[in-house]
Amino acid sequence: MSTLQIPDVPDATEQTLKARAEREGKSLTAYVRDLLNEEAASPTLDEVMDKIATDEPIVYDPDFVRETMREGHW
C-alpha cells in the first residue's frame, strides 16, 4: 500500500473534512481514504462509454421483443 500526500489543501477544506470525519467516528486519514476508494470504484462517463464501445452488439428480433412484452416476461 502506498502513501499519498496532497500539498496545498486549503485550511477550510481540511477543517470541513476533519469535522465530517469526526461526525462519522473516523480519523481524517480513514475518512479521506474512504472517499478516494468510493471515487475509484465509480467509473467515469468516459470509462463507461469506452466499455460500451468495446461490447459486442446485441442482436434482437423486434417480434420476439413484442411477444415477450405481451406475455409479461419483461
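Keep in mind the model is a prediction, meaning the values are calculated, not measured.

A. Main features of the overall build of the protein chain. A tally of helices and strands in the protein chain yields 4 helices and 0 strands. Walking the protein chain from its N terminus toward its C terminus, one meets helices and strands in the order α-α-α-α. Rg of the C-alpha trace for the protein chain: 23 Å, well past the compact-globule value of 11 Å for 74 residues, more than 25% over. Within the protein chain, the proportion of its 74 residues that are buried is 7%. Treating the 8 positive side-chain charges of the protein chain as one cloud and the 17 negative ones as another, the clouds have centres 7 Å apart.

B. Geometry of a nonpolar patch on the surface. Together, Ile 58, Tyr 60, Phe 64, Val 65 and Met 69 line one region of the surface with nonpolar side chains, adding up to about 590 Å² of accessible area. Here Tyr 60 is to be found in the loop between helix H3 (45–54) and helix H4 (62–70).

C. Structural context of the layout of surface pockets. Volume-wise, the largest pocket comes out at about 480 Å³. As for the largest pocket, its lining consists of 13 residues, of which Leu 4, Ile 6, Thr 29, Val 32 and Leu 36 are closest to the centre. Looking at the lining of the largest pocket, the elements that each hand over two or more residues are helix H1 (11–23) and helix H2 (28–41). In terms of residue class, the lining of the largest pocket is made up of 8 nonpolar, 3 polar and 2 charged.

D. Region of interest: the pattern of salt bridges. Enumeration over the complete set of coordinates arrives at 6 salt bridges. Between Lys 18 and Glu 14 there is a salt bridge, with its nearest N and O atoms 3.1 Å apart. On the criterion of helical spacing, the pair formed by Lys 18 and Glu 14 is a turn pair, its members being 4 residues apart in helix H1. Residue classification places Lys 18 among the partly exposed positions, given a relative accessible area of 36%. You can call Glu 14 partly exposed: its relative accessible area is 29%.

E. Looking closely at the side chain of Thr 68. Note that Thr 68 resides in helix H4. On the basis of relative accessibility, which here comes to 18%, the residue Thr 68 falls in the buried class. At 2.8 Å, the side chain of Thr 68 forms a polar contact with the backbone oxygen of Phe 64.

Quick notes on the rules
- Residues numbered from 1 in each chain as written.
- Predicted model: local features only at pLDDT ≥ 70, side-chain atom pairs only at ≥ 80, totals over all residues.
- Heavy atoms only, no water.
- Helix = DSSP H or I, 4+ residues; strand = E, 2+ residues; numbered from the N terminus.
- Rg over C-alpha atoms; globule rule 2.2 N^0.38 Å.
- Buried < 20%, exposed > 50% of the residue type's maximum accessible area, 1.4 Å probe, protein only.
- Lys, Arg positive; Asp, Glu negative; His and termini not counted.
- Charge placed at Lys NZ, Arg CZ, Asp CG, Glu CD.
- Patch = residues over 30% accessible without salt bridge, like charges linked within 9 Å, V, L, I, M, F, W, Y side chains within 5 Å.
- Areas by Shrake-Rupley, 256 points an atom, 1.4 Å probe, with all protein chains shown as cover.
- Salt bridge = Lys/Arg side-chain N within 4 Å of Asp/Glu carboxyl O.
- 1 Å grid on protein atoms, 1.4 Å probe; cavity = no way out; pocket = protein on both sides within 12 Å on 5 of 7 lines; lining within 4 Å.
- Points joined across faces, edges and corners; volume = space filled by probe spheres on them.
- Nonpolar A, V, L, I, M, F, W, Y, C, P; charged D, E, K, R; others polar.
- Polar contact = N/O pair within 3.5 Å; in protein donor to acceptor, adjacent residues only side chain to side chain.

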